[in-house]
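Tertiary structure, described
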Amino acid sequence: MSTYTTDDNRKVTTRRLTEMKHRGEKISMLTAYDYSSAKIIDEAGMDVILVGDSASNVMAGNITTLPITLDQMIYHAKSVMKATKRALVVVDLPFGSYQGNSKEALASAIRIMKESHAEAVKMEGGAEIKESVERILSAGIPVMGHLGLTPQSINKFGTYNVRAKEKEEAEKLINDARLLEQIGCFAIVIEKVPAKLAKQVAEELTIPIIGIGAGGGVDGQVLVMHDMLGINNGFSPRFLRRYADLSAIMTNAVQNYIADVKSGDFPSPQESY
Ligand code: KIV
């Protein structure tokens, strides 16, 4: 593993992501939900920070992404925006805030942009949400699509297994990706599909395709921060690379602290007034 540094401190924009795709530079994207971790991630040089509705799982402890509300997403997005100078910040429209009708979808997207100052929204789905995506785009709000394993539909899928292995679902994914590009999405996340299919989409489309569990043939990668840092160590799908074991580091630090409190070693005279 190598360490990356950047001396390019220009703000990342949707346009710069397209330029990166066209010159073959891979796009880095990671989730964040709070001020302190967003600051570390931004200063490390991440291109895109996703305020994902995975906050429902890793921050709130829910089993799925469905329970998180628009107000809660805005709370997380505001905290992330206060810390972020360089990365493009994209916020998930949560389940129930855009599927009803396109007016409701636009109202939800406007609340995110106005109240959090984020720079784009992400929405799960293809043809089914075309009207909502178009309406949001018509208000000047950039939209990132999300296809493949879309966690807000987990109750329909009934499993977190790889999607689009069969011809019919793969064809729908390709058509949905074409549609999202044609109506004006600036990028698409493709989650947990065969690498060959994701590569085919990335090669055909001119907008960036960001993969998670979609192989190396796409234009960038996204992971959930708690998974890649090993905070959430009960989740280890094949696509996940763990860059740290923060769970072990934190457990050790907390146990040392407990021991020092119990023994009276903490605080010392030097740590007292
Ligand atoms: O909510 C999220 O973290 C996501 C990523 C898994 C892409 O949508």
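That block above? That's the structure.
Residues numbered from 1 in each chain as written. Predicted model: local features only at pLDDT ≥ 70, side-chain atom pairs only at ≥ 80, totals over all residues. Heavy atoms only, no water.

**A word on the packing of helix H8 (residues 167–183) against helix H9 (residues 195–204)**
Between H8 and H9, the least distance of the axes is 11 Å, while the angle of their chain directions is 25 degrees. One way to sum up the angle between H8 and H9 is to call them roughly parallel. Handedness of the crossing formed by H8 with H9: right-handed. Facing H8, whose interface residues are Ala170, Leu173, Ile174, Ala177 and Arg178, H9 presents Leu197, Gln200, Val201 and Glu204. Class assignment for the residues of the contact of H8 with H9 results in 6 nonpolar, 1 polar and 2 charged. (Axes fitted to C-alpha atoms, helices over the stretch in contact; angles between N-to-C directions. Helix = DSSP H or I, 4+ residues; strand = E, 2+ residues; numbered from the N terminus. Parallel < 35°, antiparallel > 145°, perpendicular 65-115°, else oblique. Left-handed = near helix turned anticlockwise from the far one by under 90°. Contact = heavy atoms within 4.5 Å. Nonpolar A, V, L, I, M, F, W, Y, C, P; charged D, E, K, R; others polar.)

**Quick notes on unusual backbone geometry**
Most peptide bonds are trans, and most residues other than glycine sit at a negative phi. Geometrically, the link from Phe266 to Pro267 is a cis peptide bond, its omega value of 0 degrees lying close to zero. Here Pro267 lies in the segment after helix H11 (246–263). The phi torsion at Ala164 lies on the positive side, around 60 degrees, for a residue other than glycine. Residues other than glycine seldom take positive phi values, yet Lys192 does so here, at roughly 50 degrees.

**Let's talk about the sheet that holds strand S3 (residues 88–92)**
Read around the barrel, 8 strands follow the order S1-S2-S3-S4-S5-S6-S7-S8 and close on themselves; strand pairing throughout is parallel. Geometrically, the sheet is characterised by an average inter-axis angle of 25 degrees between neighbouring strands, direction not taken into account. As judged from the 4 bridges shared by strand S4 (residues 120–124) and strand S5 (residues 143–148), these two strands associate in the parallel manner. Counted as the bridge partner of Lys122 is Met144 from S5. Of the strands in this sheet, S5 and strand S6 (187–191) are in contact with H8, which crosses S5 at around 175 degrees. (Pairing = 2+ DSSP bridges.)

**Some words on the pattern of salt bridges**
Think of it this way: side chains of opposite charge can pair up when their charged atoms draw near. Under the criterion given, the structure shown has 18 salt bridges. Arg16 is paired through a salt bridge with Asp8; the nearest N and O atoms lie 2.9 Å apart. With a relative accessible area of 10%, Arg16 lands in the buried category. Note that Arg111 and Glu115 form a salt bridge whose closest N and O atoms lie 2.7 Å from each other. Here Arg111 pairs with Glu115, and both are found in helix H5 (residues 102–116), just 4 residues apart, close to one helical turn. Salt bridges sharing partners connect three or more residues here, namely Asp8, Arg10 and Arg16. (Salt bridge = Lys/Arg side-chain N within 4 Å of Asp/Glu carboxyl O. Buried < 20%, exposed > 50% of the residue type's maximum accessible area, 1.4 Å probe, protein only.)

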